[in-house]
Amino acid sequence: MVYRPVSAAEANALRQAARSAKEGAIRLHKSAVEALRPHVRMADWSKDDGYGVAVDVVRDEVSVRWWPAAVPESLPLWEQGGIRQLCMALLSDRFTVSEGDERRPHAAMLRIRDSMCSVLMSG
């Protein structure tokens, strides 16, 4: 690895870009949680049986997925129970919903891209 010193202006621009990306991801996360929380069971990481919908920041995306906790029999609720479709419907009020990966039409995760403002099915 080679390290190259940067000027104060370049360092400031890098910090600003990182801060802006982080703030955008936080806003997107909060928006997704606001849309989902009143209607679906949200995952509770502090409980062993805290299964439900989890909203996570993943790089420049927010992922929405089912977290089964220690209750693996709850996983069918995501697809067969209609929670995945409900999440897509709730998020479509705020984002453009599109099909992402045609090879896996019944994925256990949705991804919301900040730059595209779309909800993509992902595995």
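About the cut-offs
Residues numbered from 1 in each chain as written. Predicted model: local features only at pLDDT ≥ 70, side-chain atom pairs only at ≥ 80, totals over all residues. Heavy atoms only, no water. Helix = DSSP H or I, 4+ residues; strand = E, 2+ residues; numbered from the N terminus. Phe/Tyr/Trp six-rings, centres within 6.5 Å; stacked < 30°, edge-to-face > 60°. Lys NZ or Arg CZ within 6 Å of the ring centre and 35° of its normal.

Undergrad: Looking at this structure, how should I read unusual backbone geometry?
TA: The phi torsion of most residues other than glycine is negative, and most of the peptide bonds are trans. A positive phi is found at Ala69, a non-glycine position, where the angle reads about 50°. Turning to its location among the elements, Ala69 is positioned in the loop between strand E2 (61–67) and helix H2 (76–79).

Undergrad: Would you mind showing me how to read the packing of aromatic side chains here?
TA: Each pair of aromatic rings is reported with the distance of its centres and the angle of its planes. Evaluated as defined, the whole model comprises 2 aromatic pairs. Consider the rings of Trp45 and Trp67, whose centres lie 4.2 Å apart with planes at 50°: the pair is tilted. Note that Trp45 is positioned in the loop between helix H1 (8–36) and strand E1 (52–58) and Trp67 in strand E2, a separation of 22 residues in sequence. Judged by centre distance (6.0 Å) and plane angle (45°), the rings of Tyr51 and Trp66 are tilted. Of the two residues, Tyr51 is situated in the loop between H1 and E1 and Trp66 in strand E2; the sequence distance between them amounts to 15 residues. Above the plane of the ring of Tyr51 lies Arg41, whose end atom (NZ or CZ) is 4.0 Å from the centre.

Spatial relationships are all this shows, so hold off on functional conclusions.
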